[in-house]
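Take a look at the letters that make up each chain.
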Amino acid sequence: MQIDSGAGEEGTARPMSDINVTPLVDVMLVLLIVFMVAAPMMMVGVPVQLPKTSAARVAQTAPPIVVTVAREGHVFLRQEEVPEGELVERLKAMREAAPAEAPVYVRGDRSVPYGDVMRVMGRVTQAGISKVSLIAEAEAGAPAVRAR
């Protein structure tokens with residue numbers, strides 16, 4: 001009995017009947033990793049309607065620190081204009097003076113370039129503040145979302 005190697009004497013090749021599973025395994029492993037990373041991010045809370053209470057709200061321990069980037073590019077710490085180069089030192093001093101960590105909010109005028117606001121946020125993180133929130137105005141008719 002003679003075994004045909006796929007190429008006949010005429011030069012015709014036969015199709016290969018074996019399936020190459022290596023690309024299939026590669027794709028499945030990539031999908032597994034993607035789903036393992038994405039699954040925790042897709043978890044959301046169950047929507048419930050909470051009961052109303054007459055209990056007093058928990059007071060914040062420290063007033064928030066608000067950093068504002070004005071339309072002209074000027075930076076304000078609370079209501080006082082601060083040169084951008086001094087912002088890190090001022091924030092460090094405020095953080096050391098207050099025993100409790102005050103929340104930091106960054107406000108930026110809508111006409112200020114995105115890069116300018118991000119540069120100011122970078123200065124806030126240089127001061128050792130890791131939790132920074134952006135403040136925006138709600139659109140008219142938009143449903144209210146409660147911050148966590």
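Scroll up to find the structure this text is about.
It should be emphasised that the depicted structure is a prediction, and the values quoted were computed from it without experimental measurement.

Calculation rules
Residues numbered from 1 in each chain as written. Predicted model: local features only at pLDDT ≥ 70, side-chain atom pairs only at ≥ 80, totals over all residues. Heavy atoms only, no water. Salt bridge = Lys/Arg side-chain N within 4 Å of Asp/Glu carboxyl O. Helix = DSSP H or I, 4+ residues; strand = E, 2+ residues; numbered from the N terminus. Buried < 20%, exposed > 50% of the residue type's maximum accessible area, 1.4 Å probe, protein only.

Some points on the pattern of salt bridges
Then comes step 1: Under the counting rule described, the total for this entry stands at five salt bridges.
Then comes step 2: One salt bridge connects E80 with R90, and the closest N-O pair in it is separated by 3.0 Å. One end of the pair, E80, is in strand β3 (residues 80-82); the other, R90, is in helix α2 (residues 87-97), with 10 residues separating them in the sequence.
Then comes step 3: On the basis of relative accessibility, which here comes to 42%, the residue E80 falls in the partly exposed class.
Then comes step 4: With relative accessibility at 28%, the residue R90 sits in the partly exposed group.
Then comes step 5: Put simply, E84 and R119 hold a salt bridge, and the shortest N to O gap is 2.7 Å. Highlighted residues: E84 in the loop between β3 and α2 and R119 in helix α3 (residues 114-126), separated in sequence by 35 residues.
Then comes step 6: Judged by its relative accessible area of 18%, E84 falls in the buried class.

Focus on the environment of Y105
Then comes step 1: Here Y105 lies in strand β4 (residues 104-108).
Then comes step 2: Since its relative accessible area comes to 23%, Y105 is described here as partly exposed.
Then comes step 3: The spatial distance from the C-alpha of Y105 to the C-alpha of V124 is 9.8 Å, given a sequence separation of 19 residues.

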